[in-house]
Structure formats: structure tokens, C-alpha cells
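If you want the building blocks of each chain, they are given just below.
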Amino acid sequence: MPPKNNAGHRTTGAGPTDRRRRLRREVPSTVGLLADAGDFAAMRGYRSFAFDDHQDYLRHVDGLLRSLAAQGIHTTVVLFDPEEYADYCGEHGLDPDTAETRTRFTAELAGAGATLPYTGQPIDELVPLLVDEAVRHATWEYATTLLAEAGTCADCGEDIGHTSFERAAAALRRLVSGAGPGRHHLVCSVPTRAEQLVAVLHAETGPDPEAPPRIEGSDGLDFVTVLAAGLALGGPGGLVLRSTTEGHRDRVHGWRLDRGRLTALSAAAVFNAYCTDADTGEPVAPEPGVEYCPGYEVDGPGPHH
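None of these values were measured; they are calculated from a predicted model.

Caption draft 1: Examining the pattern of salt bridges more closely. Per the stated rule, a full pass over the model turns up 11 salt bridges. A network of salt bridges, in which partner residues are shared, links E133, R136 and D222.

If you want it as C-alpha cells, here you go:
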């Protein structure tokens, strides 16, 4: 049992410096990372920015992350965008050429942007992971905006975005349930005026049909949001599901988005889609060990907007 001091409180024998060090381990850190050479070059315009070589900068970031981890400090990494930084400084009347302003911007990014926990990844692995996370986050934000702007149905007055989201969530349940036991890889692609929305989801189901599928992180929310945007927009789009079950050939199913509905493709249409080069339109050889299957009903009956 720890001894007590004169006031009757227990002490641990640790001095103020040691206690501060222990407390520091409970304070998380955030590192803003300039992932590509173009962003790095933009920041070199600030005199207070200390680096002049991107690879050297990445090596120092790698060393900093390792040092923080060695101290037991939880660290997240966020993509630092120089254009967003300049806009932020202009909006808040801040001097962009100071380390203090960069720190403040990074801290606010951590609360609203795409972050990645540092778990010891080498910097050359961390950078593409962070870029992928930033793209995923931006896709979700844009799809959410499209749903919010979809308005209400002129016929029934229902919120189109809300209704489309509910339909997309129900469709995902039917997609995974209909695929049966195994590991499932789903890709939903929706072209819009501004950009191509793409969502990827990995799910795993067991033999118990009543058990919920295992889905990583926020993949389910991202996928449903993009699919819902496609339903709400009423334009073209596509969805592919590939299932892997031990002892069987991989199975590929497909659907198309058409006028606000998710419609199953025939086996021949799935084959043609998979065996055609998307850029050139030229046929490509079918993948060995893969069975091209028709889609199945996943978009329930009822009013659609």
C-alpha cells in the first residue's frame, strides 16, 4: 500500500516531472501530414516552414511518429491540405506563416476531417492509407450533401434523401443475406455532375442466417450513403458483389441503377461488364475460377422517388 503524506493522502513516490510525464501519455497527439510533393511545395512558400525536401520531411515525420509511440502517446494522422489551410487562415484572420496557426488548423482538422490512427506503419505505407481515408471521407461528405439537397417528392411530400437512405440500407441487408455464407466484396459506383462516387464494402457472413454480417468500421455507412445518393439522383450507376466461399468458385453478381431503382443484371450482362475493358471497350479474358451469376431482387416494392 502506498505511504500517506502528512495530509493523509496517499503518494506514489513520483515527483512532479514524473507525474507530468505520465499525464502526457494521456494527452493524444495529432500530426498533419503533407502527403504529396505538390502540397509540400505549396507550404515551402512560408518562411516559418522548416523543410525544403519532401523525402527528408517524410523521414522526420516518420521519426516523430515513432518517438510519440515509444512514449505511449496515442497519435492520429490527418491529411494537411495547403489550399484549405489558406482558406482557413483567411476566414479567421490568422497569419498563415506561423507554426501556431498550423497547429491550430491541424487540431481542428482532427475534429472534422479524415484521420488515421498511427499503429507503427512505415511512412511509405501510411501515406497511401491516409490518402485513401481522405478520399473515403470526401466521398461520404459529398454523397451526404447530395441527399440533403434532394428535396421532397412532388407527389407525396416525403423527404427523398431520407427515403433513399432507408431503401439503400434495406438493399444492403438483402444483398449480403442473398449472397449466403462467405466473404463478400461490394463496389457501388455512381456518376454525378461533379465526380464519380465509389464506395467499397467488405462483409463476412457465417452459416447462421440470423447472425448479422461482420462489416469493418464505417464501411457500411459509407456504402449505404453512396447507394442512397444514386437512388435519389435517379441516374445511371452500378453495383457489383463478389463472394468467396471455401470449397466453391467465386461468384459475381451485378445490378444497375436506373431511374431510381436497383435492377438485377442477367448473368450475360454481368459477364460482359466484367470481361470488357472500362477504358478501351475491348474484351478481356474471363477470370479463371469465377462464376458470373445474375443479380437477385434487393430493391423492395413500393413507391420510389
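Okay, back to it.
Caption draft 2: Inspection of the layout of surface pockets at higher detail. The calculated volume of the largest pocket comes to roughly 490 Å³. V31, G32, Y57, L64 and T106 are the residues nearest the centre of the largest pocket, which is lined by 19 residues in total. Those elements giving two or more residues to the lining of the largest pocket turn out to be strand 1 (29-33), helix 3 (54-70) and helix 5 (99-112). Residues that form the lining of the largest pocket fall into these classes: 13 nonpolar, five polar and one charged. Its boundaries defined by the atoms lining it, the second largest pocket holds a volume of some 430 Å³.

Caption draft 3: Broad picture of the environment of E133. Residue position: E133 is located in helix 6 (residues 123-148). With 18 residues separating them in the primary sequence, E133 and T115 have C-alpha atoms 7.3 Å apart. Not counting residues up to four positions away in its chain, the partners in contact with E133 are A114 and T115.

Caption draft 4: Quick peek at the sheet that holds strand 1. Taken in spatial order, the three strands make up an open sheet running 1-2-3, and their pairing is mixed. The open sheet is flanked by strand 1 and strand 3 (115-117), the only strands paired with a single partner. The mean angle between the axes of side-by-side strands here comes to 30°, regardless of whether they run parallel or antiparallel. Looking at chain direction, strand 1 and strand 2 (residues 75-79) are connected through five bridges and run parallel. Residue pairing for strand 2: S29 is matched across the bridge by T75. Running at roughly 105° to strand 1, helix 5 makes contact with strand 1, strand 2 and strand 3 of the sheet. Where helix 6 meets the sheet, it contacts strand 1, strand 2 and strand 3, and its direction lies at approximately 65° from that of strand 2.

Reading guide: rules and limits
Residues numbered from 1 in each chain as written. Predicted model: local features only at pLDDT ≥ 70, side-chain atom pairs only at ≥ 80, totals over all residues. Heavy atoms only, no water. Salt bridge = Lys/Arg side-chain N within 4 Å of Asp/Glu carboxyl O. 1 Å grid on protein atoms, 1.4 Å probe; cavity = no way out; pocket = protein on both sides within 12 Å on 5 of 7 lines; lining within 4 Å. Points joined across faces, edges and corners; volume = space filled by probe spheres on them. Helix = DSSP H or I, 4+ residues; strand = E, 2+ residues; numbered from the N terminus. Nonpolar A, V, L, I, M, F, W, Y, C, P; charged D, E, K, R; others polar. Contact = heavy atoms within 4.5 Å. Pairing = 2+ DSSP bridges. Axes fitted to C-alpha atoms, helices over the stretch in contact; angles between N-to-C directions.

Remember that the coordinates give geometry; whether it matters functionally is a separate question.
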